[in-house]
Amino acid sequence: MAVLSSSLPPVLRRKRRRERARTLAFLSPWLVGFGVFFAYPLVSTVYFSFMRYDGFAPPTFTGLKNWDYVLTKYPFFWQGLGNTLWLVAVMVTLRVAFGLGIGLLITKVRTGAGFFRTAFYLPYLAPPVAATMAFAFLLNPGTGPVNHLLGELGLPQPGWFTDPTWSKPALTLLAMWGVGDLMVIFMAALLDVPREQYEAAELDGAGPWQKFRYVTFPNITPIVLFAVVTGVIQTMQYYTQAIVAGKVASGVIGGSGQQFEPGYPHGSTWTLPQMVYSLGFQRFDTGSACVVAVILFALSMAFTSLLLRRRAGFLNEE
């Protein structure tokens, strides 16, 4: 290839160099952003995972000691990993299913569709901290209106954010309440399904379930895949709602000198992103925090790659 390039006329070689320079100029904003905000932080995180570094003294190489500490000696790692995977499996599934269901219902409504669309989308705009605090007070086992209503109906009254069995389901309810983003995406996809296919299915005697299975779902599977992949990535970074719910439920909303149990109650809301913050910014153990960050990145990439590799059986062939 080099021989062929060197045999070109000088005018053509200069033209190709200008084309390469122009292409690099157009790509330069992306290349700079990728290098500064992705490649450099990723390489630095892997580098510091093998170092002893507190943010002040120069880093010193320690080999696999940080990895050994996190995986075998740090008492909260496996619990945090289990909680994070639980949220990925349950929260993402229910959010996608609920968002799709709400989108289907609103597209079938003949009057008032705009009102219902706005009503379901508005909770998504609520700030995460405010929404979590409101949910914590609504689900308060002693004074919350939700448990009061359940008691009036003769139903069990869970402890919600104060009960380790119910804390993650309570966070899932909070996530489903703010499902407006997925609802809007699914509504756009559902309205784009060709009406001719529904008419052909009706002529063949297809019922509502058959039309959804053989017409609706095959047409929106790319959007479902997009929702699942982005949901997995977002849930692997789940931090704000879990820590705010734990603090409110434990009575530690803010202020110096107050003791807070991470992952309250009993570590049930402890997630890997919280672990990165605790190790890196509270204990100044940057090396161990980078280990958890690398594991978090590897898990996110593994889940995403698995979902994308299975797209041949998930998406339409056309």
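Keep in mind that what you see is a predicted model, and the values were worked out from it rather than measured. (Residues numbered from 1 in each chain as written. Predicted model: local features only at pLDDT ≥ 70, side-chain atom pairs only at ≥ 80, totals over all residues. Heavy atoms only, no water.)

J.: Residues and numbers for the overall build of the protein, please.
T.: Along the protein, the regular secondary structure elements total 15 helices and two strands. What you see for the protein is a C-alpha radius of gyration of 25 Å, clearly larger than the 20 Å of a compact globule of 318 residues, by over 25%. With respect to the three principal axes, the spread of C-alpha positions in the protein is 90 × 70 × 30 Å. Across the 318 residues in the protein, those meeting the buried criterion constitute 34%. Taking all contacts inside the protein whose residues are at least 6 apart in sequence as the whole, residues at least 24 apart take part in 67%. For the protein, the accessible surface area stands at approximately 19200 Å², while carbon and sulfur atoms represent 66% of it. Averaged over its 24 positive side-chain charges, the protein has a centre that lies 15 Å from the centre of its 15 negative ones. (Helix = DSSP H or I, 4+ residues; strand = E, 2+ residues; numbered from the N terminus. Rg over C-alpha atoms; globule rule 2.2 N^0.38 Å. Buried < 20%, exposed > 50% of the residue type's maximum accessible area, 1.4 Å probe, protein only. Contact = heavy atoms within 4.5 Å. Areas by Shrake-Rupley, 256 points an atom, 1.4 Å probe, with all protein chains shown as cover. Lys, Arg positive; Asp, Glu negative; His and termini not counted. Charge placed at Lys NZ, Arg CZ, Asp CG, Glu CD.)

J.: How would you sum up the packing of aromatic side chains? Please name residues and give values.
T.: According to the stated counting rule, one finds 19 aromatic pairs in the structure shown. Ring plane angle 35° and centroid distance 6.2 Å describe the contact between Phe50 and Trp67, whose orientation is recorded as tilted. With a gap of 17 residues between them, Phe50 in the loop between α2 (10-48) and β1 (51-52) and Trp67 in helix α3 (residues 65-73) connect regions that are remote in the sequence. An aromatic cluster is present here, built from Trp30, Phe34, Phe38 and Phe297 joined pairwise through their rings. Here Lys108 stacks its cationic end above the ring of Tyr198, 5.6 Å away from the centre of that ring. (Phe/Tyr/Trp six-rings, centres within 6.5 Å; stacked < 30°, edge-to-face > 60°. Lys NZ or Arg CZ within 6 Å of the ring centre and 35° of its normal.)

J.: Help me get a handle on the pattern of salt bridges, residues and values and all.
T.: Under the definition given, this model contains three salt bridges. Lys73 is paired through a salt bridge with Asp68; the nearest N and O atoms lie 2.4 Å apart. Lys211 is the partner of Glu202 in a salt bridge, and the nearest nitrogen-oxygen pair spans 3.3 Å. (Salt bridge = Lys/Arg side-chain N within 4 Å of Asp/Glu carboxyl O.)

J.: Requested: an account of a positive patch on the surface, with residues and values cited.
T.: A cluster of basic residues, Arg14, Lys15, Arg16, Arg17, Arg18, Arg20 and Arg22, forms a positive patch at the surface. Tracing the chain through its elements places Arg16 in helix α2. (Patch = residues over 30% accessible without salt bridge, like charges linked within 9 Å, V, L, I, M, F, W, Y side chains within 5 Å.)

J.: Describe the layout of surface pockets, with residues and values.
T.: Computed from the structure, the largest pocket encloses a volume of approximately 450 Å³. As for the largest pocket, its lining consists of 21 residues, and the residues nearest its centre are Arg95, Ala175, Gly178, Tyr238 and Gln241. Contributing elements (two or more residues each) for the lining of the largest pocket: α4 (77-108), α5 (113-125), α6 (128-138), α8 (167-177), α11 (208-236) and α12 (240-250). A per-class count over the lining of the largest pocket returns eleven nonpolar, eight polar and two charged. Lining the second largest pocket are 14 residues, with Leu104, Lys108, Arg195, Tyr198 and Thr216 positioned closest to its centre. Of all elements in the fold, only α4, α9 (180-191), α10 (195-203) and α11 reach the threshold of two or more residues within the lining of the second largest pocket. The element that contributes the greatest number of residues to the lining of the second largest pocket is α11, accounting for five residues. Residue composition of the lining of the second largest pocket, by class: eight nonpolar, two polar and four charged. (1 Å grid on protein atoms, 1.4 Å probe; cavity = no way out; pocket = protein on both sides within 12 Å on 5 of 7 lines; lining within 4 Å. Points joined across faces, edges and corners; volume = space filled by probe spheres on them. Nonpolar A, V, L, I, M, F, W, Y, C, P; charged D, E, K, R; others polar.)

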